[in-house]
Amino acid sequence: MELTPLPASFTVAPWRLSGVVYGALVNHTAQLAALGDAVHAAPYKAPPAHAVLQVRPRNTLCGPGSAVAVPADPGVVDVGVSLGIVIGRTACRVAAEDAPGVVAGYLVAAELGLPTESHYRPAVRLKARDGFTVLGPVVPAAEVDDPDQLATWVQVDGEARHQGSTAGRVRGVAELIAAVTEFMTLQPGDVLLLGADSPAPRAAAGTAVTLGIADLGSLSFSLVAEAVAAPALADPSPIGDGTQLAPRGAVARVAHAGAVHTAWPHPQGVQLADGRVLREDEVQWLPPFEVGTILALGLNYADHVKELSKELTVTAKDEPLVFLKGPGALVGHRGLTRRPAGVAFMHYECELAVVIGKAARHVAAKDAMAHVAGYTVCNDYAIRDYLENWYRPNLRVKNRDGATALGPWFVPAADVPNPHALTLRTLVNGQVTQQGSTANMVNDIPALIEYLSEFMTLQAGDVILTGTPEGVVNVNEGDEVVCEIAGIGRLVNTIVGDAAFSVIPA
Ligand code: CA
């Protein structure tokens, strides 16, 4: 097959690809149809009502020319060719007709995944592997006539294996941007993947893949056996460098008088590096460290599983239920979280957040704690009205702007002798509504690091939200929600209504 000629003015965008990559799943009409009655079976029970979205975290990102490692079991990957929509302007609650105005350009992306029957909510292990998102250079939007009508193709070792199109999507480019920005803000440099044609061609370790999209060009990479060689991943342009963490003792990041400061606990509030002592309410609290990939556990406390539904069972023998969040979900101590009008059930989740301090890949449980830099408190809100299944909640439930509070302090691991014996509790307007112990995690911290690092490189600044015990109740506009973990911190959050976010009632 002839390679698609590049447009005359093809350029790499002048900005760095600096953002987060989000992808749509089952966005191909034919794929959804092919699932047939399976979408009505447990645990899903109904076809997806809202866009099904995933985060493709930073360890997965690489550029053309990369050698991507394929694990021996199963030794093959599905190679999806996907249109990448590069966001050029901050996009919050953008209507479909206005969506073209926030697009800077488009790129060719390869979405790799280990084969699965569960296309609806695949395990993070299948897709969040190192190098499994290959991104080509950005082509300016002005060079692309109609992003919803572009031919796509895939070659493996020079042989044509797939021909498709960006057409036939459940949500096209504009509708997808509208659906995503309804609950989360996209930033310049973020990439939204439209989702691959289905079925995607399958390729084995030891092959060379080239794929392309008309008007956007092509990209090539090789697939290598995971055991054979350390993969050579070409960096598409990094999201951040290795985060330096943790001076000794609890530490926070706060904004005050026009600058961001490191701050330490003080009997009267906080102390800045320059010596100033301020009350807790005189500073704006930020998440207490530069946050990388956010990994969150579903159903990691047995008592909480029982509380949710009698139908559910989870044990340490089951694969941990992991989902990913983007950075826009975060808000610091004393932050405000929005409760949309008309929802029936919004609840907090008090969780121990484990901060990775040094890169971890193939780390055994017995060695895992050496990779933990420290801890903080998380309040991982959920809006249950939008929950379409328990097992892998959608971003609309769990990745809403400002609905994941983190802080106030980063506490170094050395100051926490036993992170598996900490009392957690939540107070709503001063009343204790949730209480538990980190001793009751289904998968403890070493087990989680062993599980995650088996398929992905954990990096300094990545954070694992380890799940919540029983006792989640509905919270309303005006409620003050305090999540406490003994020895780690006391995280305060206030629920506000739509008006605080300039949302005009429909
Ligand atoms: Ca949670």
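Residues numbered from 1 in each chain as written. Predicted model: local features only at pLDDT ≥ 70, side-chain atom pairs only at ≥ 80, totals over all residues. Heavy atoms only, no water.

## Re the overall build of the protein
Of regular secondary structure, the protein possesses 7 helices and 33 strands. Among the 506 residues that make up the protein, the fraction classed as buried is 57%. Residue pairs at least 24 apart in sequence account for 79% of intrachain contacts in the protein once pairs closer than 6 positions are excluded. Counting every atom, the protein has about 19800 Å² of accessible surface; 53% of that belongs to carbon and sulfur. (Helix = DSSP H or I, 4+ residues; strand = E, 2+ residues; numbered from the N terminus. Buried < 20%, exposed > 50% of the residue type's maximum accessible area, 1.4 Å probe, protein only. Contact = heavy atoms within 4.5 Å. Areas by Shrake-Rupley, 256 points an atom, 1.4 Å probe, with all protein chains shown as cover.)

## Observations concerning the coordination of the calcium ion
Summarising the metal site, the calcium ion is bound by the protein donors Glu349 (OE), Glu351 (OE) and Asp380 (OD), whose distances to it range over 2.0 to 2.2 Å. Donor residues for the calcium ion, ordered by position in the chain, follow E-x1-E-x28-D. Taken as a pair, Glu349 and Glu351 share a single burial class, namely buried. (Donors = N, O, S within 2.8 Å, 3.2 Å for Na, K, Ca; no water.)

## Focus on the environment of Leu422
Mapped onto the elements of the fold, Leu422 is located in the loop between strand E28 (404–412) and strand E29 (423–428). Residue classification places Leu422 among the buried positions, given a relative accessible area of 9%. Not counting residues within four places of it along the chain, the set of residues in contact with Leu422 comprises Leu352, Val416, Gly436, Ser437, Thr438, Ile485, Ala486 and Ile488.

## Some words on the nonpolar core
Residues Leu211 and Phe221 are the most contacted members of the largest nonpolar core, which totals 101 residues. Inspection of this core shows a minimum of three residues originating in each of domain 1 (21–225) and domain 2 (290–501). Residue contacts for Leu211: discarding those within four places in its chain leaves Val79, Gly80, Val81, Val108, Ala109, Ala110, Trp153, Val154, Gly217, Ser218, Leu219 and Phe221. (Core = buried A, V, L, I, M, F, W, Y, C linked by side-chain atoms within 4.5 Å. Domains from an automatic or database assignment.)

## Here's the deal with the pairing of E28
Look at any regular strand and the pattern is simple: side chains alternate between the two faces of the sheet. Within E28, 9 of the 9 residues are buried, leaving the element largely enclosed by the surrounding structure. Inspection of the sheet shows strand E22 (residues 330–331) paired to E28 by 2 bridges, in the parallel sense. Bridged to Leu330 within E28 is Thr404. As judged from the 6 bridges shared by strand E26 (residues 372–380) and E28, these two strands associate in the antiparallel manner. Its bridge partner lying in E28, Asn379 is registered against Ala405. (Pairing = 2+ DSSP bridges.)

## With respect to the confidence of the model for the protein
Of all residues in the protein, 88% attain a pLDDT of 70 or more, and the chain-wide mean is 87. Considering only residues more than four positions removed or in separate chains, one finds that residues 1–16, a stretch of pLDDT under 50, has 32 contacts. Segment residues 237–248 is flagged for pLDDT under 50; beyond a separation of four residues in sequence, or across chains, it makes 23 contacts in the model. (pLDDT = per-residue confidence, 0-100.)

## Some thoughts on the sheet that holds strand E13 (residues 208–213)
The strand order across the open sheet formed by 5 strands is E4-E14-E13-E9-E10, and the pairing between neighbours is mixed. The two strands at the open ends of the sheet, each matched to only one other strand, are strand E4 (67–70) and strand E10 (159–165). Geometrically, the sheet is characterised by an average inter-axis angle of 25° between neighbouring strands, direction not taken into account. Looking at chain direction, strand E9 (residues 151–156) and E13 are connected through 5 bridges and run antiparallel. Within E13, the position partnered with Trp153 by the bridge is Gly212. (Axes fitted to C-alpha atoms, helices over the stretch in contact; angles between N-to-C directions.)

## Some words on helix H7 (residues 445–455)
For H7, a buried count of 8 out of 11 residues is recorded, marking the element as mostly surrounded by other parts of the structure. Of the residues flanking the start of H7, the one acting as N-cap is Asp444, its side-chain oxygen 3.0 Å from the backbone nitrogen of Ala447. (Polar contact = N/O pair within 3.5 Å; in protein donor to acceptor, adjacent residues only side chain to side chain.)

## Some thoughts on helix H3 (residues 173–181)
Since there are 3.6 residues in each turn of an α-helix, residues three or four apart along the chain are aligned in direction. Among the 9 residues that make up H3, 7 are buried, leaving the element largely enclosed by the rest of the structure. Among the residues making up H3, those that are buried are Val173, Ala174, Leu176, Ile177, Ala179, Val180 and Thr181.

## Focus: the environment of Trp409
Along the chain, the position of Trp409 falls in strand E28. For Trp409, a relative accessible area of 14% puts it in the buried group. The spacing of Trp409 and His333 is 76 residues in sequence and 8.8 Å in space, taken between C-alpha atoms. For Trp409, the residues in contact, after removing those within four places along its chain, are Ala250, Val251, Ala252, Ala263, Trp264, Pro265, Val270, Trp285, Pro288, Tyr375, Thr376 and Ile488.

## Re the packing of aromatic side chains
Throughout the structure, instances matching the rule amount to 3 aromatic pairs. Arranged with centres 5.2 Å apart and planes meeting at 90°, the rings of Trp285 and Trp409 form a pair that is edge-to-face. Here the residue Trp285 occupies a position in strand E19 (residues 284–286), and Trp409 occupies one in strand E28, the gap between them amounting to 124 residues. In this pair, the class of Trp285 matches that of Trp409, namely buried. The ring of Tyr386 has Arg396 sitting right over it, with the charged end atom 3.9 Å from the ring centre. (Phe/Tyr/Trp six-rings, centres within 6.5 Å; stacked < 30°, edge-to-face > 60°. Lys NZ or Arg CZ within 6 Å of the ring centre and 35° of its normal.)

## Thoughts on the pairing of E13
Burial analysis of E13 places 5 of its 6 residues in the buried class, which makes it a mostly covered element. Note: E13 against strand E14 (residues 217–225), 6 bridges, orientation antiparallel. Its bridge partner lying in E14, Val209 is registered against Phe221. The hairpin formed by E13 and E14 contains 3 residues between the paired strands, and Asp215 there has a positive phi angle of roughly 75°.

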